[in-house]
Amino acid sequence: MIGVLVLTHGAAGEHLLATATQIVGKTAMRAAAIGLEPDADPGAVLQRARALAAQLDDGSGVLVLTDMYGATPGNIAGSLLADGRVEGVAGLSLPMLVRVLSGHHRTLAAAVQRALSGGAEGVLHMNRDCCRDAQR
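Residues numbered from 1 in each chain as written. Predicted model: local features only at pLDDT ≥ 70, side-chain atom pairs only at ≥ 80, totals over all residues. Heavy atoms only, no water.

Each helix and strand counted, the protein has six helices and four strands in total. Written out in order from the N terminus, the α and β elements of the protein read β-α-β-α-β-α-β-α-α-α. The globule rule puts the C-alpha radius of gyration for 136 residues at 14 Å, and the 15 Å found for the protein is close to it. Expressed along its principal axes, the backbone C-alpha trace of the protein runs to roughly 50 × 35 × 25 Å. The buried share among the 136 residues of the protein stands at 38%. Pairs at least 24 residues apart make up 72% of the contacts formed inside the protein by residues separated by at least 6 positions. For the protein, the exposed surface amounts to about 7600 Å²; the carbon and sulfur share of it is 53%. Each charge class in the protein was averaged separately, 11 positive and 12 negative side chains, and the resulting centres sit 10 Å apart. (Helix = DSSP H or I, 4+ residues; strand = E, 2+ residues; numbered from the N terminus. Rg over C-alpha atoms; globule rule 2.2 N^0.38 Å. Buried < 20%, exposed > 50% of the residue type's maximum accessible area, 1.4 Å probe, protein only. Contact = heavy atoms within 4.5 Å. Areas by Shrake-Rupley, 256 points an atom, 1.4 Å probe, with all protein chains shown as cover. Lys, Arg positive; Asp, Glu negative; His and termini not counted. Charge placed at Lys NZ, Arg CZ, Asp CG, Glu CD.)

Rendered as structure tokens:
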């Protein structure tokens, strides 16, 4: 089963992971979050992230989800990447995480695609017409 490691600023990832788990229920997927505080030592966080990624990987690979490309959590995520073994997606959102946790992915590549589609399809302009349809 694919492992999922969430790397974010502050406790955002921990809260998103808890909320996604509440929505999808208990999942067989291995998942954990690391939140970076403003005074965190990036080198120490990278070591912790490497160790946690190794724990999450049962041989199926690890998907690293991060909040923002180019920021410290994203840079740490980038340092973990290994094609086909550890893949990353930036722009973490609740729809993305729910999509990943609710799927039984046979491959890491499939988990990446579920993350991308969950993120893209989870962003929409809400207006009165769409909200009225949802209430019916």
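On we go from here.
Here we come to the sheet that holds strand β1 (residues 3–9). Reading across from one edge, β2-β1-β3-β4 is the order of the four strands in this open sheet, with parallel pairing throughout. One side of each edge strand has no neighbouring strand; the edge strands of this open sheet are β2 (30–36) and β4 (86–90). In this sheet, neighbouring strand axes are inclined to one another by 20° on average, regardless of whether the strands run parallel or antiparallel. In the packing of helix α3 (residues 72–80) onto the sheet, contacts are made with β1, β2, β3 (62–66) and β4, and the angle to β1 comes to roughly 150°. (Pairing = 2+ DSSP bridges. Axes fitted to C-alpha atoms, helices over the stretch in contact; angles between N-to-C directions.)

Within the secondary structure, T66 is located in strand β3. A distance of 2.9 Å separates a polar atom in the side chain of T66 from the backbone oxygen of L7. Once you skip the residues sitting within four places of it in the chain, T66 turns out to touch L7, P73, G74, A77, V89, A90, G91 and L92. (Polar contact = N/O pair within 3.5 Å; in protein donor to acceptor, adjacent residues only side chain to side chain.)

Turning our attention to helix α5 (residues 108–121). Given a rise of 1.5 Å per residue, 14 residues ought to cover 20 Å, and the 20 Å separating the end C-alpha atoms of α5 matches this to within 8%. Those residues of α5 lying buried are L108, A111, V112, A115, S117, G118 and G119. Elements that come into contact with the buried residues of α5 comprise β3, β4 and α4 (94–102). (Expected span 1.5 Å × (residues − 1).)

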